[in-house]
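Geometric and topological summary
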Amino acid sequence: MAEEIKKHRPPPDPNSASYKLNQIAAKAYTDAMEAKERGELVGWCASNFPVEIPETLGIPVVYPENQAAGIAARGGGVRMCEVSEGDGYSNDICAYARISLAYAKVKDAPEQNMPQPDFMLCCNNICNCMIKWYENLAKELNIPMILIDIPLNPDYEVSDAQVAYTKAQFLKAIRKLENITGKKWDWDKYKKVQEISGRSSRAWLEATAQAKYEPSPFNGFDLLNHMAVMVTARGKEEAADAMETLLKEYKQNHEEGKSTFRGEEKYRIMFEGIACWPWLRATSTGLKNRGINMVTTIYADAFGFVYKDFDDMCRVYCQVPNAINLEKARDKRIKLCKDNHVEGLLIHNNRSCKLWSSFMNEMGRQIGEACNIPVAHFDGDQADARNFSEAQYDTRVQGLMEIMEANKEAK
């Protein structure tokens with residue numbers, strides 16, 4: 001029956017945003033594989049390491065976090081985690097790290113392969129687990145690692161001193177990569193990459209902001225799929241083109257009264273945290289079946305970087321969600337809730353991402369009070385399927401829906 005349905009399914013439209021974005025995401029891996037086969041050096045890169053640096057230098061890089069999410073989403077997360085755990089890595093550490101450490105050992109995952117690294121690019125504006133994860137890989141594989149240190153900012157704004165500290169590290173990273181790869185930095189090319197990255201980011205952020213309309217012209221789970229391109233390829237012309245196409249489609253959906261959310265949008269929520277990739281269908285269906293659309297998440301907007309020059313680029317990389325204090329992180333989320341007419345907040349207490357999850361009880365409380373919306377938490381994991389209970393998730397979502405329903409009736 002499934003084969004019969006697939007046979008009669010219309011072919012994908014090559015001009016659609018989803019087709020373009022899927023092609024870019026797949027091409028990132030094949031291009032890196034081909035570069036490796038040609039004898040080029042390939043790096044493994046942290047998702048919030050400044051992508052503009054390898055892009056300007058013309059150095060192929062791939063992203064272990066994206067690969068781990070892909071492996072987990074296709075059902076291979078537990079298998080890979082168990083390899084690392086067998087080597088003595090605790091199952092308390094990030095599942096992305098466990099999957100990545102396993103992949104470096106077994107060098108094959110049918111769910112998503114990528115070339116082995118010749119160097120590591122690390123930036124701890126995500127978390128400090130990233131440092132030890134990448135250090136261990138560099139040591140085990142006997143390859144160099146470049147680390148950029150962007151510590152948590154206790155102040156609301158980024159100081160000029162922090163910009164100077166970060167800029168010095170970016171410039172040093174460029175010099176190290178020139179020495180490792182033999183490629184040379186070109187400021188004119190950087191300006192072009194900056195311009196393209198700005199196009200991608202502005203279109204992406206405006207596309208996610210189309211949720212301001214009721215009903216939203218998209219299903220928020222679409223953002224979780226499309227954001228991979230913003231992580232890996234926002235400095236490429238084809239990414240900017242695809243994001244501008246996505247924005248155009250969402251605007252057209254609004255004008256025509258259409259949406260990629262299937263069914264009636266009865267309730268609108270913000271989803272807080274990284275997706276449960278192994279349980280993406282269950283978490284999405286648990287909302288959709290109740291008419292709940294996840295219209296916004298800071299996780300998607302986090303990869304839109306808009307800046308005017310190199311110094312300003314340094315400043316924006318100091319303001320990613322995990323590098324800012326609770327007050328600024330809270331205010332960003334409150335703005336998303338108010339701009340997108342959110343009626344409830346669903347928080348993923350992610351066992352893998354302790355930095356992100358540890359302050360969500362307090363932040364969720366403050367957001368709920370500021371926006372006068374109910375807040376529900378569920379336990380899960382971004383890549384380890386063993387740490388999620390579908391029954392618990394269903395119960396929490398049902399409770400959230402009942403409070404939103406009572407609030408609607410009261411109005």
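Side note on the overall build of the protein chain
Within the protein chain, the secondary structure is distributed over 18 helices and 8 strands. Radius of gyration (C-alpha) of the protein chain: 21 Å, near the 22 Å computed for a compact globule of 411 residues. Each principal axis of the C-alpha atoms in the protein chain carries an extent, and together these give about 65 × 55 × 45 Å. Put simply, 80% of the contacts in the protein chain that link residues at least 6 apart link residues at least 24 apart. For the protein chain, the accessible area works out to roughly 18000 Å², and carbon and sulfur atoms hold 51% of it. Distance between charge centres in the protein chain, computed from 52 positive and 58 negative side chains, equals 2 Å.

Things to note about the pattern of salt bridges
Applying the stated criterion to the full structure yields 31 salt bridges. Among the salt bridges present, the one from Lys27 reaches Asp31, with a minimum N-O distance of 2.7 Å. With Lys27 and Asp31 both in helix H2 (residues 17-37) and 4 residues apart, the pair spans about one turn of that helix. According to the relative accessible area criterion, Lys27 is partly exposed, its value standing at 42%. Between Asp87 and Lys105 there is a salt bridge, with the nearest N and O atoms lying 2.8 Å from each other. Here the residue Asp87 occupies a position in the loop between helix H5 (77-86) and helix H6 (95-106), and Lys105 occupies one in helix H6, the gap between them amounting to 18 residues.

Observations concerning the environment of Gly364
Mapping Gly364 onto the fold places it in helix H17 (residues 360-371). Given the relative accessible area of 0%, Gly364 is considered buried. For Gly364 and Ile347, which are 17 residues apart along the polypeptide, the C-alpha to C-alpha distance reads 7.6 Å. Once residues within four sequence positions are removed from consideration, Gly364 is found in contact with Leu345, Ile347 and Val375.

The rules behind these values
Residues numbered from 1 in each chain as written. Predicted model: local features only at pLDDT ≥ 70, side-chain atom pairs only at ≥ 80, totals over all residues. Heavy atoms only, no water. Helix = DSSP H or I, 4+ residues; strand = E, 2+ residues; numbered from the N terminus. Rg over C-alpha atoms; globule rule 2.2 N^0.38 Å. Contact = heavy atoms within 4.5 Å. Areas by Shrake-Rupley, 256 points an atom, 1.4 Å probe, with all protein chains shown as cover. Lys, Arg positive; Asp, Glu negative; His and termini not counted. Charge placed at Lys NZ, Arg CZ, Asp CG, Glu CD. Salt bridge = Lys/Arg side-chain N within 4 Å of Asp/Glu carboxyl O. Buried < 20%, exposed > 50% of the residue type's maximum accessible area, 1.4 Å probe, protein only.

By themselves, these are just geometric observations and shouldn't be taken as functional.
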